[in-house]
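Reading the structure
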Amino acid sequence: MSEVIVVTSGKGGVGKTTTSAALATGISSRGRRVLGIDLDPQGNLGFCLGLSSSDMSTVLDALKGKLPIQEAIIRTEYCVEPFNS
């Protein structure tokens, strides 16, 4: 069964990205698959999970129809198993 966890606030600097990264890492470390969706234009969640922001596709690219959503999914060391399995 899937669960959706949303971390949101209109105010900046309240720890949304840090909380999201900690949740994704913690849940993944327990053997669960996690899909973190970073809608921040700066890509800070990806950075917190060890990604480099240079030359990678984003959710925004997929939402604009520039590429299929599968091409915007980037695996990190926290990925327990392939997303499509």
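In what follows, the accompanying structure is described. Nothing here was measured: the structure is a model prediction, and the numbers come from that model. (Residues numbered from 1 in each chain as written. Predicted model: local features only at pLDDT ≥ 70, side-chain atom pairs only at ≥ 80, totals over all residues. Heavy atoms only, no water.)

A few words now on the overall build of the protein. Of regular secondary structure, the protein possesses three helices and zero strands. Tracing the protein from N to C terminus, the helices and strands come up as α-α-α. Relative to its full complement of 85 residues, the protein shows a buried share of 18%. Taking the intrachain contacts of the protein between residues at least 6 apart in sequence as the baseline, contacts between residues at least 24 apart amount to 42%. Working note: accessible area of the protein is about 6600 Å², and carbon and sulfur atoms make up 54% of it. (Helix = DSSP H or I, 4+ residues; strand = E, 2+ residues; numbered from the N terminus. Buried < 20%, exposed > 50% of the residue type's maximum accessible area, 1.4 Å probe, protein only. Contact = heavy atoms within 4.5 Å. Areas by Shrake-Rupley, 256 points an atom, 1.4 Å probe, with all protein chains shown as cover.)

Further remarks concern the layout of surface pockets. Considering only enclosed or pocket space, the largest pocket measures out at about 1100 Å³ in volume. If you go around the largest pocket, you meet 30 residues; those closest to its centre are Ile5, Val34, Leu35, Gly36 and Ile37. With six residues, the top contributor of residues to the lining of the largest pocket is helix 1 (residues 16-29). Across the lining of the largest pocket, the residue classes break down as 15 nonpolar, eight polar and seven charged. (1 Å grid on protein atoms, 1.4 Å probe; cavity = no way out; pocket = protein on both sides within 12 Å on 5 of 7 lines; lining within 4 Å. Points joined across faces, edges and corners; volume = space filled by probe spheres on them. Nonpolar A, V, L, I, M, F, W, Y, C, P; charged D, E, K, R; others polar.)

A surface patch of nonpolar side chains, amounting to about 550 Å² of accessible area, comprises Leu35, Ile37, Leu39, Leu60 and Leu63. Of note, Leu60 is situated in helix 3 (residues 59-63). (Patch = residues over 30% accessible without salt bridge, like charges linked within 9 Å, V, L, I, M, F, W, Y side chains within 5 Å. Salt bridge = Lys/Arg side-chain N within 4 Å of Asp/Glu carboxyl O.)

Looking now at helix 1. Count 3.6 residues to each turn of an α-helix, and residues three or four apart come out pointing the same way. Taking 1.5 Å of rise per residue, 14 residues should cover 20 Å, and helix 1 covers 20 Å from first to last C-alpha, within 8% of that figure. Within helix 1 the residues assigned to the buried category are Ala21, Ala24 and Ser28. Considered in projection along helix 1, the buried side chains sweep an arc of 65° and stay on one side of the axis. Opposite its buried face, helix 1 presents the exposed residues Thr18 and Ser29, each directed more than 90 degrees away. In this structure, the buried side of helix 1 is in contact with helix 2 (44-48). (Expected span 1.5 Å × (residues − 1). Arc of directions from axis to C-beta.)

Moving on to the side chain of Asp38. Note on placement: Asp38 falls in the loop between helix 1 and helix 2. Buried within the structure, Asp38 lacks any salt-bridge partner; its nearest side chain of opposite charge belongs to Lys16, at an N-O separation of 10 Å. Within the local environment of Asp38, its side chain forms a polar contact with the backbone nitrogen of Asn44, the two atoms lying 3.4 Å apart. Sequence-distant contacts of Asp38, that is, excluding residues within four places in its chain, are made with Gly43, Asn44, Leu45, Gly46 and Val59. (Lys, Arg positive; Asp, Glu negative; His and termini not counted. Polar contact = N/O pair within 3.5 Å; in protein donor to acceptor, adjacent residues only side chain to side chain.)

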